[in-house]
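Working through the structure, step by step
What follows is the residue order along each chain.
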Amino acid sequence: MKLSSLKVGVDVPWVTSWTGEPGLGVGPCPSVGGALAILQADHPGRGKPLYSQNHAVRQRLSVRDMLCPMCGQPTAADNRWTQVAHPVTVGRLRAAARGDGLPGDLANDTVLIDAGAIAPLHRACVDRSLRYCPQLKADPDIDVRRFPGRWIVLPLMARAEAPAQLFLARPVRQRTIPVIGFLQLCGLTDDGEPGRADPDG
């Protein structure tokens, strides 16, 4: 596939998938310590950008290594910003069955900054994306804030088909298995940090 004239990390976010990056199924992935995860070819800039789709492996690397999803470079502790994170209580995540990986000693009224699958950006990258991305410009829920200095990473599981296998010449039916799709990031708020938690949590 042809290389695009759009520059990765400048015109198109580094974490964005391209049409030249097909899915490769499921397998052990170093981005999650060799656990089973969704795999994808890595050819940023090939074909056309799929702005609404994160690249599976680059998304996990961005959260694991605190890489800016816009430019792909590491973010420093004093330059990590979120645009779309929302305060939520631990109890709310647990009630929605999204809190399985949360430490058991976190009280239900603990407020987290739920960034979903979007790692923090550099402040300059936040400003650039808000200036040029039509989707972000139109989003009424944009809330730019510093990302907390402590966080929890939770696997977002997907279900994938395991291929049928032969055992003693008897086929075993296909089955679905849980695998890691993306990583979810939740910042831990410090005392005194402003947060607007949902009172129903």
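Within each chain, residue numbers correspond to sequence positions counted from 1 in written order. For this predicted model, a pLDDT threshold of at least 70 governs which residues receive local features, and a threshold of 80 or more governs which side-chain atom pairs are given and counted, while totals over whole chains, interfaces and linings are taken from all residues. Each side-chain value is derived from all of the structure's non-hydrogen atoms; neither hydrogens nor water enter the calculation.

**What to know about helix α3 (residues 123–132)**
- Burial in α3 covers these residues: C125, V126 and S129. End-on view of α3: buried residues confined to an arc of 105°, all on one side of the axis. Turned more than 90 degrees from where α3 packs its buried face, A124 and Y132 sit exposed.
- In the core, the buried residues of α3 are packed alongside β5 (81–82) and α4 (134–138). Only protein chains enter the area calculation, which uses a 1.4 Å probe; residues under 20% of their type maximum are buried, those over 50% are exposed, and those in between are partly exposed. Only DSSP runs of H or I with at least four residues qualify as helices, and only runs of E with at least two residues qualify as strands; both kinds are numbered from the N terminus onward. It is the directions from the helix axis to the C-beta atoms whose arc is reported. Contact between two residues is taken to exist if any of their heavy atoms lie within 4.5 Å; hydrogens are not considered.

**Examining helix α1 (residues 56–64)**
- Of all nine residues in α1, seven are buried; the element is thus mostly enclosed.
- All of the buried residues along α1 are A56, V57, R58, Q59, R60, S62 and V63.
- In the segment just after α1, M66 is the residue with positive phi, at about 50°.

**Thoughts on the environment of K7**
- Position of K7 among the secondary structure elements: in the segment before β1 (16–18).
- Taking the C-alpha atoms as reference points, K7 and P44, 37 residues apart in sequence, are found 9.4 Å from one another.

**Observations regarding the packing of aromatic side chains**
- Ring geometry is summarised as follows: Phe, Tyr and Trp rings, the Trp one being its six-membered ring, pair when their centres sit within 6.5 Å, and such pairs are stacked at plane angles under 30 degrees, edge-to-face over 60 and tilted between the two. Taken as a whole, this structure holds one aromatic pair when the rule is applied.
- Both rings, one in F147 and one in W151, keep their centres 6.4 Å apart while their planes meet at 50°; by these two values the pair is tilted.
- For W151, a relative accessible area of 29% gives the class partly exposed.
- Positioned over the ring face of W81 is R123, at 4.8 Å from the centre of the ring. We call a charge positioned above a ring when the Lys NZ or Arg CZ atom is no farther than 6 Å from the ring centre and deviates by at most 35 degrees from the ring normal.

**Things to note about the side chain of R60**
- Within the secondary structure, R60 is located in helix α1.
- Here R60 sits buried without a salt bridge, and the closest side chain of opposite charge, D65, lies 11 Å off (N-O distance).
- Within the structure, the side chain of R60 is placed 2.8 Å from the side chain of S31, a separation counted as a polar contact.
- Among all residues touching R60, those that are not within four sequence positions of it are C29, S31, V32, A37, I38, L39, I180, G181, F182 and L183. Note that His is not counted, nor are the chain ends; the positive residues are Lys and Arg, and the negative ones are Asp and Glu. When a carboxyl oxygen of Asp or Glu lies within 4 Å of a side-chain nitrogen of Lys or Arg, that pair is called a salt bridge. Polar contacts here mean pairs of N or O atoms no more than 3.5 Å apart (in protein, one a potential hydrogen donor and the other a potential acceptor; neighbouring residues in sequence count only if both atoms are side-chain atoms).

**Notes on unusual backbone geometry**
- Of note, M66 is a non-glycine position whose phi angle comes to about 50°, a positive value.
- Along the polypeptide, M66 turns up in the loop between α1 and β5.
- For M66, a relative accessible area of 3% corresponds to the buried category.

**Thoughts on the confidence of the model for the protein chain**
- Taken over all residues, the pLDDT of the protein chain has a mean of 87, while the share at 70 or more is 87%.
- Averaged pLDDT values over the elements of the protein chain bottom out at 47 in strand β10 (residues 166–167) and peak at 98 in α1.
- Counted against residues more than four places away or in other chains, residues 164–168, with its pLDDT under 50, gives seven contacts.
- Here pLDDT means the predictor's own confidence in every residue, given as a number from 0 to 100. Low pLDDT, under 50, characterises residues 191–201; the predicted model gives this stretch 19 contacts beyond four residues in sequence or across chains.

**So, the pattern of salt bridges**
- All chains considered together, the criterion is met by six salt bridges.
- Its salt-bridge partner being R98, residue D114 comes within 2.7 Å of it at the nearest N-O pair. Placement of the pair is D114 in strand β7 (residues 111–116) and R98 in the loop between α2 (90–95) and β7, with a sequence separation of 16 residues.
- By relative accessible area, R98 is classed as partly exposed at 38%.
- Residue D143 pairs with R145 through a salt bridge whose shortest N-O separation is 2.7 Å.

**Observations concerning the nonpolar core**
- Take the buried residues of types Ala, Val, Leu, Ile, Met, Phe, Trp, Tyr and Cys, join any two whose side-chain atoms come within 4.5 Å, and each joined set is a nonpolar core. Ranked by size, the top nonpolar core spans 15 residues in total, and within it C29, V32 and L185 carry the most contacts.
- At the level of secondary structure, the elements contributing two or more residues to this core comprise β3 (35–40), α1, β7 and β12 (175–188).
- Of all the elements, β12 adds the most residues to this core, at three residues.
- In this structure V32 touches A37, R60, I180 and L183, once residues within four positions along its chain are discounted.
- Residues V88, V90, L154 and C186 belong to the second largest nonpolar core, which totals 10 residues.

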